[in-house]
Amino acid sequence: MLALALYIGWWQVDGPGAPELVAQRPLPLTQMEFRMTDQVGSMVGPTTLLGNPSIVFFGFTYCPDVCPTTLSDISGWLDDLGDGVADMDVVFITVDPERDTVAAMAEYVSYFHPAIQGWSGTLSETARAAAGFRASYEKVATEGDDYTMNHTASVFLFDSEGQFAGTIDYHEPREFAVPKIRRVLTRTEEETS
Amino acid sequence: MKPSITAAVIASCLFIGLPTTTVADSEDVVVENAWARASIGVNRPGAAYMTIRNNGTDSATLVGLETPLSMMPDIHETKTDANGVSSMAPAGDIMIPPGESVSLEPGGLHAMLMRPQIKMVEGETFPLTLNFADGGTLTVDVPILGISARGPEG
């Protein structure tokens, strides 16, 4: 009898009866709590982003492929949006604060669109930020005593009130990405007018 | 075995080994649109991209890379799972069927330049040698574009 009960419990929780894992939506920015430092040394956090629509994504500067591609893609979207991005916050959060110091982030973001900010925090603040965005990351050892980071490469959109407003998948074509951002910008204009 | 005989055996092996690098199926392989991004300092790994086209009648298999720029160059592949998490792993040997091509491009296959020895400076080029399973090699000069480059056009 006990065995049967245990079996039923397993089937519902971990077994074939378990609910399918679905990527969770980020919390509203107003419900997140973390403190970081931006590329010019200012203290920042989720409430810094309220008042303007924002774009937030995770990465690290020792990333040779995905991260420069994401920053280049976003720079291209921002170029397309032109003056519309003047009031937008665009934030790159490092998942590798041990190597990505404030100075390293400042240099890195300087090579991309000027609207892109680089935020870094302590290991625990980084974990708190990722938890709020429902983003994941993991340190992975590579050959030669080195390491790389697996991480969520999606780009998160929020409206000016901090409500989650959609995701742009990694490397999504510009013709899909730009209208998504434009919709968030338009919505914000309607809310404020 | 006397040392002189050992040396002669090694010498003959080297001699026999040499011609295979020039007469091989991979001699019909060409590289198009090679490019790489500039680096910040020499601590970060770099990446290079290109299209490798096999114009021959036999398949060609890319088994390794060499470049003075990096101590450990290797073909890696980026994969992004259903939850949007990206990871990178060595891609292993790359088989290119006759008449086909393989693209190394952002977000997929790339030449991962680990433990770089030299800073990658925009406007410069570096040699990258592709080693094939048949012993053939192909060396290309890879132009270094800006850090924010999106493709071979910049």
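Residues numbered from 1 in each chain as written. Chains lettered and ligands numbered in written order. Predicted model: local features only at pLDDT ≥ 70, side-chain atom pairs only at ≥ 80, totals over all residues. Heavy atoms only, no water.

Draft legend 1. Structural context of unusual backbone geometry. Residues and elements named next belong to chain B. Unusually for a residue other than glycine, Asn-33 sits at a positive phi of about 55 degrees. Looking at the element boundaries, Asn-33 is found in strand β1 (residues 29-37). Backbone geometry at Arg-115 places phi at a positive 45 degrees, although glycine is not the residue there. When you line up the elements, Arg-115 lands in strand β8 (residues 109-116). Residue classification places Arg-115 among the partly exposed residues on the basis of a relative accessible area of 39%. (Helix = DSSP H or I, 4+ residues; strand = E, 2+ residues; numbered from the N terminus. Buried < 20%, exposed > 50% of the residue type's maximum accessible area, 1.4 Å probe, protein only.)

Draft legend 2. Seen up close, the pairing of strand β9 (residues 125-132) of chain B. Residue and element names in this part refer to chain B. With six of its eight residues buried, β9 lies for the most part within the structure. The pairing of strand β3 (residues 60-66) with β9 spans four bridges and is classified as antiparallel. The residue bridging Leu-62 from the neighbouring strand is Phe-132, located in β9. Pairing analysis gives seven bridges linking β9 to strand β10 (residues 137-145), with the strands arranged antiparallel. Across the sheet, the residue bridging to Leu-128 is Val-140, located in β10. Taking the residues that link successive antiparallel strands as the turn, the β9-β10 hairpin has four residues, and the phi of Gly-135 there is positive, at about 95 degrees. (Pairing = 2+ DSSP bridges.)

Draft legend 3. Broad picture of the interface of chain A and chain B. Taken together, the 31 residues of chain A in the interface contact 28 residues of chain B. In total, chain A and chain B occlude about 2300 Å² of area from one another, counting both sides; carbon and sulfur atoms represent 55% of this. Considering only the side of chain A, the residues that lose the most area to chain B are Tyr-62, Pro-64 and Asp-65 of chain A, jointly responsible for 26% of the buried surface there. Counting across the chain A and chain B interface gives zero salt bridges. (Contact = heavy atoms within 4.5 Å. Buried area = accessible area lost by both parts, 1.4 Å probe. Salt bridge = Lys/Arg side-chain N within 4 Å of Asp/Glu carboxyl O.)

Draft legend 4. Examining the pairing of strand β7 (residues 101-104) of chain B more closely. Residues and elements named next belong to chain B. Residues Val-102 and Leu-104 of β7 are buried on one face, while the alternating residues Ser-101 and Ser-103, pointing to the opposite face, are not. Two elements, strand β2 (residues 46-54) and β7, share four bridges in a ladder whose sense is antiparallel. Within β7, the position partnered with Arg-53 by the bridge is Ser-101.

Draft legend 5. Expanded view of the packing of aromatic side chains. Residues and elements named next belong to chain A. What the rule picks out here adds up to 11 aromatic pairs over all chains. Ring centres of Tyr-108 and Phe-112 lie 5.5 Å apart, and the angle between their planes is 45 degrees; on these two criteria the pair is classed as tilted. The burial state of Tyr-108 is the same as that of Phe-112; both residues are buried. Consider the rings of Phe-133 and Phe-156, whose centres lie 5.9 Å apart with planes at 25 degrees: the pair is stacked. With Phe-133 in helix α4 (residues 123-133) and Phe-156 in strand β8 (residues 155-158), this pair connects stretches of sequence that are 23 residues apart. Across the pair, exposure class does not vary: Phe-133 and Phe-156 are buried alike. In textbook terms, an aromatic cluster arises when at least three aromatic residues are bridged by ring pairs, as seen for Phe-34, Phe-58, Trp-119, Phe-133, Phe-156, Phe-158 and Phe-164. The positively charged end of Arg-99 is found above the aromatic ring belonging to Tyr-147, 3.7 Å away from the centroid. (Phe/Tyr/Trp six-rings, centres within 6.5 Å; stacked < 30°, edge-to-face > 60°. Lys NZ or Arg CZ within 6 Å of the ring centre and 35° of its normal.)

Draft legend 6. Spotlight on the state of the cysteines. Residues and elements named next belong to chain A. Across all of its chains, the model carries one disulfide over all chains by this definition. Each sulfur of the disulfide joining Cys-63 and Cys-67 lies 2.4 Å from the other. Across the S-S bond of Cys-63 and Cys-67 the torsion is about 90 degrees, and the bridge reads as right-handed. On the basis of relative accessible area, Cys-67 is assigned to the buried category, the value being 2%. (Disulfide = S-S within 2.5 Å.)

Draft legend 7. Summary view of the nonpolar core. Core analysis: the biggest nonpolar cluster contains 82 residues, and Ile-116 and Phe-133 of chain A together with Phe-126 and Leu-128 of chain B have the highest contact counts within it. Once residues within four sequence positions are removed from consideration, Phe-126 of chain B is found in contact with Ala-36, Ala-48, Thr-67, Leu-69, Leu-113, Met-120, Val-140, Asp-141, Val-142 and Ile-144 of chain B. Core analysis: the next-biggest nonpolar cluster, separate from the first, contains five residues, Trp-35, Ala-47, Tyr-49 and Ala-149 of chain B among them. (Core = buried A, V, L, I, M, F, W, Y, C linked by side-chain atoms within 4.5 Å.)

Draft legend 8. Broad picture of the side chain of Asn-54 of chain B. Residue and element names in this part refer to chain B. With respect to the element layout, Asn-54 can be found in strand β2. Within polar-contact distance, the side chain of Asn-54 engages the backbone nitrogen of Gly-56 at 2.9 Å. Not counting residues within four places of it along the chain, the set of residues in contact with Asn-54 comprises Asp-28, Val-29, Ser-59, Ala-60, Ile-96, Pro-97, Pro-98, Gly-99 and Glu-100. (Polar contact = N/O pair within 3.5 Å; in protein donor to acceptor, adjacent residues only side chain to side chain.)

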